[in-house]
Amino acid sequence: MKLPSTPAMIRIFRVLAIAEGFSWAALLAGMFLKWVTRTTELGVEIAGPIHGAFFLCYGIAALSLWRLQRWPFRVALFAGLSAVFPFATVWFERWAGRHGHLGITSGQPAAHPAEATAAETAGV
């Protein structure tokens, strides 16, 4: 299976980190309505599957970036653990960005093959 380019995977990961955090909030609100106010189960029925999908996609994206970015095990572990706690994926995404774990390193290929060819021709 061919993965998307590294820049695309980083964008996907960032979007999924935020979406997973918001889906946690929706699920928590649904659980509050179901268990505390005992008014409706609709919030859990809707937010539960959505959160589950974002959770799984975030996990797959984190594993992909672990491979593509060659994250240390500690960073990959924090990425995985952040999906377990509400809103921690948003914190992790910000932390990883500040610490250079969500950036393109010089050893990685260019985003477009044409850019790599132009750079090689120019002698860069």
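These numbers were taken from a predicted model, which means no experiment stands behind them.

Trainee: Can you help me understand the nonpolar core in this one?
Mentor: Soluble globular proteins: nonpolar side chains tend toward being buried together. Judged by nonpolar contacts, the single largest core of 19 residues is most densely connected at F13, Y58, L65, W71, A79, F92 and L102. Once residues within four sequence positions are removed from consideration, A79 is found in contact with Y58, A62, W71 and F92.

Trainee: What's the story with the pattern of salt bridges in this structure? I'm lost.
Mentor: Pairing is possible between side chains that carry opposite charge, provided their charged atoms lie close to one another. Following the criterion strictly, the structure yields two salt bridges and no others. Here R14 makes a salt bridge to E93, at a shortest N to O gap of 2.3 Å. Residue R14 is found in helix α1 (residues 6-36), and its partner E93 is found in helix α4 (residues 88-98); the two are separated by 79 residues along the sequence. Between E93 and R94 there is a salt bridge, with its nearest N and O atoms 2.8 Å apart. For R94, a relative accessible area of 44% puts it in the partly exposed group. Residues joined in a network through salt bridges with shared partners are R14, E93 and R94.

Trainee: Sorry if this is basic, but what is going on with the confidence of the model for the chain here?
Mentor: Do not read the predicted coordinates in detail wherever pLDDT is low. On average, the chain scores 87 in pLDDT, and the residues at 70 or more come to 84%. When the criterion is pLDDT under 50, residues 106-124 qualifies, and its contacts beyond four places in sequence or with other chains add up to seven contacts.

Trainee: So what exactly am I meant to see when it comes to the packing of helix α3 (residues 73-82) against α4 here?
Mentor: Between two packed helices, what matters for the description is the angle formed by their axes and the separation of those axes. At a closest axis distance of 8 Å, the pairing of α3 and α4 adopts a crossing angle of 155°. As far as their axial angle goes, α4 and α3 are roughly antiparallel. Residues R74, V75, F78, A79 and S82 of α3 touch α4, and the partners they reach there are A88, T89, F92 and W95. For the contact of α3 with α4, the class distribution of residues is six nonpolar, two polar and one charged.

The rules behind each value
Residues numbered from 1 in each chain as written. Predicted model: local features only at pLDDT ≥ 70, side-chain atom pairs only at ≥ 80, totals over all residues. Heavy atoms only, no water. Core = buried A, V, L, I, M, F, W, Y, C linked by side-chain atoms within 4.5 Å. Buried < 20%, exposed > 50% of the residue type's maximum accessible area, 1.4 Å probe, protein only. Contact = heavy atoms within 4.5 Å. Salt bridge = Lys/Arg side-chain N within 4 Å of Asp/Glu carboxyl O. Helix = DSSP H or I, 4+ residues; strand = E, 2+ residues; numbered from the N terminus. pLDDT = per-residue confidence, 0-100. Axes fitted to C-alpha atoms, helices over the stretch in contact; angles between N-to-C directions. Parallel < 35°, antiparallel > 145°, perpendicular 65-115°, else oblique. Nonpolar A, V, L, I, M, F, W, Y, C, P; charged D, E, K, R; others polar.

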